[in-house]
Amino acid sequence: MSCQKLSINVKERPKNSQLELTNERRVLQRGEKVIEIEVCDLERILFHFKSNNDPGFVYLVHALPKTSPFFSPFLYKRVSFEKVDKHNYLTISKRGVLQYTKNHMQFTKLDEFRSRYEAHSSLMKIKVFNRYPMWKMFFYWRKTVTWKKFIAARKFLEGNLFVIRRHLQEALLKIQVLLVSKSSLLFFNNSRMEKLDLVEFLKMQFNQNERLFNELTEL
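Residues numbered from 1 in each chain as written. Predicted model: local features only at pLDDT ≥ 70, side-chain atom pairs only at ≥ 80, totals over all residues. Heavy atoms only, no water.

(A) Region of the structure containing the side chain of Gln205. The residue Gln205 is located in helix α5 (residues 198–217) in this model. Contacts of Gln205, omitting those with residues within four sequence positions, involve Phe187, Phe188 and Asn189. (Helix = DSSP H or I, 4+ residues; strand = E, 2+ residues; numbered from the N terminus. Contact = heavy atoms within 4.5 Å.)

(B) Quick peek at the side chain of Gln208. For Gln208, the position within the fold is in helix α5. Exposure remark for Gln208: the relative accessible area of 13% places this residue in the buried category. Of the polar contacts made by the side chain of Gln208, one reaches the side chain of Arg211; its length is 2.4 Å. Residues in contact with Gln208, not counting those within four places in the same chain, are Leu186, Phe187 and Asn189. (Buried < 20%, exposed > 50% of the residue type's maximum accessible area, 1.4 Å probe, protein only. Polar contact = N/O pair within 3.5 Å; in protein donor to acceptor, adjacent residues only side chain to side chain.)

(C) Broad picture of the environment of Asn130. By the element assignment, Asn130 lies in helix α3 (residues 127–160). Here the alpha-carbon distance between Asn130 and Phe70, two residues 60 residues apart in the chain, equals 9.7 Å.

(D) Representation of the environment of Val97 in the model. Along the polypeptide, Val97 turns up in strand β6 (residues 96–101). Taking the C-alpha atoms as reference points, Val97 and Thr108, 11 residues apart in sequence, are found 5.1 Å from one another. Sequence-distant contacts of Val97, defined by excluding residues within four places in its chain, comprise Leu90, Thr91, Ile92, Gln106, Phe107, Thr108, Leu110 and Phe113.

(E) Here's a closer look at a nonpolar patch on the surface. Side chains of Leu123, Ile126, Val128, Phe129, Tyr132 and Trp135 sit close together on the surface and give an oily, nonpolar patch of about 580 Å² of accessible area. It is α3 that contributes the most residues to the nonpolar patch, 4 residues altogether. Mapped onto the elements, Leu123 comes out in helix α2 (residues 110–123). For Leu123, a relative accessible area of 38% gives the class partly exposed. (Patch = residues over 30% accessible without salt bridge, like charges linked within 9 Å, V, L, I, M, F, W, Y side chains within 5 Å. Areas by Shrake-Rupley, 256 points an atom, 1.4 Å probe, with all protein chains shown as cover. Salt bridge = Lys/Arg side-chain N within 4 Å of Asp/Glu carboxyl O.)

(F) Expanded view of the nonpolar core. Within the largest apolar cluster, 15 residues are counted, with the highest numbers of intra-cluster contacts made by Leu42, Ile45, Leu46, Leu60, Tyr76, Ile92 and Phe113. Looking at this core, the elements that each hand over two or more residues are α1 (42–51), β3 (57–62), β5 (88–93) and α2. Counting residues per element, this core draws most heavily on α1, at 4 residues. Those residues in contact with Phe113 that lie beyond four places of it in its chain are Leu42, Leu46, Phe74, Tyr76, Val97 and Thr108. In this structure, Ile37, Val39, Phe70 and Leu75 belong to the second largest nonpolar core, which totals 7 residues. (Core = buried A, V, L, I, M, F, W, Y, C linked by side-chain atoms within 4.5 Å.)

Shown next, in the form of structure tokens:
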């Protein structure tokens, strides 16, 4: 069976006016992904009610869930009343299309619905629109993976980083304050090197070290 794109050729009219009572198997392809689903010939149904004085109507539901990368708002399958999704389905008759959603109904004239169908089919022939669902799924997949990695890293830090533990925070802050206050201390005094002989220089350095030792001992 050859693969068909999601876009449907709406310029070709069905040759007969008999309404198809059954769905057909159709292969859909996006990139390397291929699936086979059951859909109705929406073009044939619209043409039937437009061209014939048929007082009846048909029940249609979406052929794929909205979460599917192959989802299209004009991919339907015909079902009996018992198999209708009571939260989201539509009926097509000669008067028009009546869409039922939870606590809401919307009526669209047949010509207007057909115009939307043809416009959508034309857009889906453009590469950027045809691939958009796959790009959207990839974007959300990437966002979800990145968020899960962030959550895992945050949990690891919360369990292992002692700086955020309350009983260690105060001690760590005190240590940081002491380090900053003593950062200017020098072990070597070079203030008067050129004016001192060796004995005086050594004495000055010993005094500097002793003073520094006393200050650090007081900590």
